[in-house]
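The residues making up each chain are set out below.
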Amino acid sequence: MDFTFNEEQLAAAEAARGVFAGVVPDAVPSPALTTGAVAEGFDRELWSRLAGADLLGLLLDEQYGGAGLDAIALCLVLRESAKVLARVPLLEHSAAMAAVQAYAGEELAGRLLSRAGRGELVLTVAAHGRTGHDPAELAVTARWDSEAWVLDGVQTAVPWAYDADLVLVPAHTDTDRTVLALVPRALDGLVLAEQISTSGERLAELRLRSARIEAGDVVEAEGAWEWLHALLVTGTCALALGLGERVLKMTGEYTGKREQFGYPIATFQAVAVQAADRYIDLRAMEATLWQAAWRIASGALGVLPAAGDVAVAKIWAAEGVRRVVQTAQHLHGGFGADTDYPLHRYHAWAKHLELALGPAAAYEETLGDLLAAHPLS
């Protein structure tokens, strides 16, 4: 397996580092000190800089003004964004555009993608189902009534729903198909109810009651939702990796300066071993992330379907990022809980990412089902 990145992928990562260089994780109030959302919306100024650097259209073809890159490039950029806790819907927006490009008709793609790639339209995805534990594609029904699709149901914890122009909603039909409906935020039959993430960000419970969507705004192609979900999960793993890397670096810097008995605590064996264990977690998170991203980007066949690699990556990401932030808090001592120091913010974001799109246990079940259906012998 060759995980060497090509020049275009490295250039995207370098551009992202430049854009995120001025971003500070404490630009909004601390979630520990805020009863509601830490901010009304996402960072629009940063969004404009991402658009100016052509990082919003990474996955789009040149005909839509994009860079024509792949899931690996997107994950490299997401990794950088998480190091500074960038408050932008980069993952959801990019994944939704990529799904429309890959599975929608030319009319919808032409009407949507160029504007979205420039950041003029903001897209998000409703991917958590009714409760966060059930399949998202079963939470909403789609019924064709001869003129339009009629949607009914509830999706929970929709990120950036109050800021997005369009929400891509999976829904199941009476023929057991899954379609993707592009739902405008201002639509009769759509109601948003505020929810707050552990990170302090504003989410929404999205309720659909006989909401009508024209046929041209619905993606009916087979496999579209499964591909989109895999990309969202893999992108979440990239966010967890970037966050974990930044937290371990913070921990190294702190333990290298903090002294006890006249020596930096980083020189104590108990501290060094714990940090080393977390480094191993990060390297496992990294290897499984790039395996999953490569399967999505290349479409390469394997012993298991790509969903198996995505499940392994999410298991490592969820468990790994939790262990990294817990160890960081332990090695920082009371300083880690100081709200004037950013570590507690990373801890809050890590808890959100750990459970986003399902916890490790859910993907362990998925992996078990795949292994049962595709024996390795």
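S.K.: Can you explain the overall build of the chain? Please cite residues and give values.
M.R.: Helix and strand counts for the chain come out as 10 helices and 10 strands. Rg of the C-alpha trace for the chain: 21 Å, near the compact-globule value of 21 Å for 377 residues, within the 12% margin. With the C-alpha coordinates aligned to their principal axes, the bounding extent of the chain is approximately 80 × 55 × 40 Å. Relative to its 377 residues, the chain shows a buried fraction of 53%. Taking the contacts inside the chain whose residues are at least 6 apart along the sequence as the reference set, 74% of them involve residues at least 24 apart. Here the chain has roughly 16,400 Å² of accessible surface; of this, 53% comes from carbon and sulfur atoms.

S.K.: I'd like to hear about the side chain of Ser197, residue by residue, with values.
M.R.: Among the structural elements, Ser197 can be located in the loop between strand S6 (190-196) and strand S7 (202-213). Looking at Ser197, its side chain comes within polar contact range of the side chain of His352, at 2.9 Å.

S.K.: Tell me about the packing of aromatic side chains, residues and numbers included.
M.R.: The tally for this structure, following the rule as stated, stands at 7 aromatic pairs. Summarising the aromatic geometry, the rings of Phe42 and Trp160 are spaced 6.0 Å apart at their centres and angled 90 degrees between planes, so their arrangement reads as edge-to-face. Of this pair, Phe42 sits in the loop between helix H1 (7-20) and helix H2 (44-52) while Trp160 sits in the loop between strand S3 (149-159) and strand S4 (166-172), and the two are 118 residues apart along the sequence. When sorted by exposure, Phe42 lands in the same class as Trp160, which is buried. When the centroid spacing of 4.6 Å and the interplanar angle of 35 degrees are considered together, the rings of Phe335 and Tyr341 count as tilted.

S.K.: Now, about helix H7 (residues 269-298): what can you tell me, with residues and values included?
M.R.: The end-to-end C-alpha distance of H7, which contains 30 residues, comes to 43 Å, matching closely the 44 Å that a straight helix rising 1.5 Å per residue would cover. Gly299 occupies a position one or two residues after H7 and carries a positive phi of about 70 degrees.

S.K.: Quick rundown of the pattern of salt bridges? Include the residues and the values.
M.R.: Under the defined criterion, the tally for this structure stands at 26 salt bridges. Residues Glu245 and Arg283 are paired through a salt bridge, measuring 3.1 Å at the closest nitrogen-oxygen approach. With a gap of 38 residues between them, Glu245 in helix H6 (residues 224-257) and Arg283 in helix H7 connect regions that are remote in the sequence. Among the residues examined, Glu245 registers a relative accessible area of 15% and is labelled buried.

S.K.: Describe the environment of Ser94, and please don't skip the residues or the numbers.
M.R.: Of note, Ser94 is situated in helix H4 (residues 90-103). When sequence neighbours within four positions are dropped, the list of residues in contact with Ser94 reads Leu56, Leu59 and Leu74.

S.K.: Explain the pairing of strand S5 (residues 178-184) to me, using residue names and the numbers behind them.
M.R.: The buried fraction of S5 amounts to 5 of the 7 residues, a majority that puts the element mostly inside the structure. Across 7 bridges, S4 lies against S5 in antiparallel orientation. Along S5, the bridge assignment pairs His172 with Thr178. Remark: 5 residues form the turn of the hairpin made by S4 and S5, two consecutive strands paired antiparallel; Asp176 in that turn has positive phi of roughly 60 degrees. Taken together, the 2 bridges between S5 and strand S8 (residues 218-219) define a ladder with antiparallel strand orientation. Residue Ala181 lies in a different strand from S8, and its bridge partner there is Val218.

Rules used in this analysis
Residues numbered from 1 in each chain as written. Predicted model: local features only at pLDDT ≥ 70, side-chain atom pairs only at ≥ 80, totals over all residues. Heavy atoms only, no water. Helix = DSSP H or I, 4+ residues; strand = E, 2+ residues; numbered from the N terminus. Rg over C-alpha atoms; globule rule 2.2 N^0.38 Å. Buried < 20%, exposed > 50% of the residue type's maximum accessible area, 1.4 Å probe, protein only. Contact = heavy atoms within 4.5 Å. Areas by Shrake-Rupley, 256 points an atom, 1.4 Å probe, with all protein chains shown as cover. Polar contact = N/O pair within 3.5 Å; in protein donor to acceptor, adjacent residues only side chain to side chain. Phe/Tyr/Trp six-rings, centres within 6.5 Å; stacked < 30°, edge-to-face > 60°. Expected span 1.5 Å × (residues − 1). Salt bridge = Lys/Arg side-chain N within 4 Å of Asp/Glu carboxyl O. Pairing = 2+ DSSP bridges.

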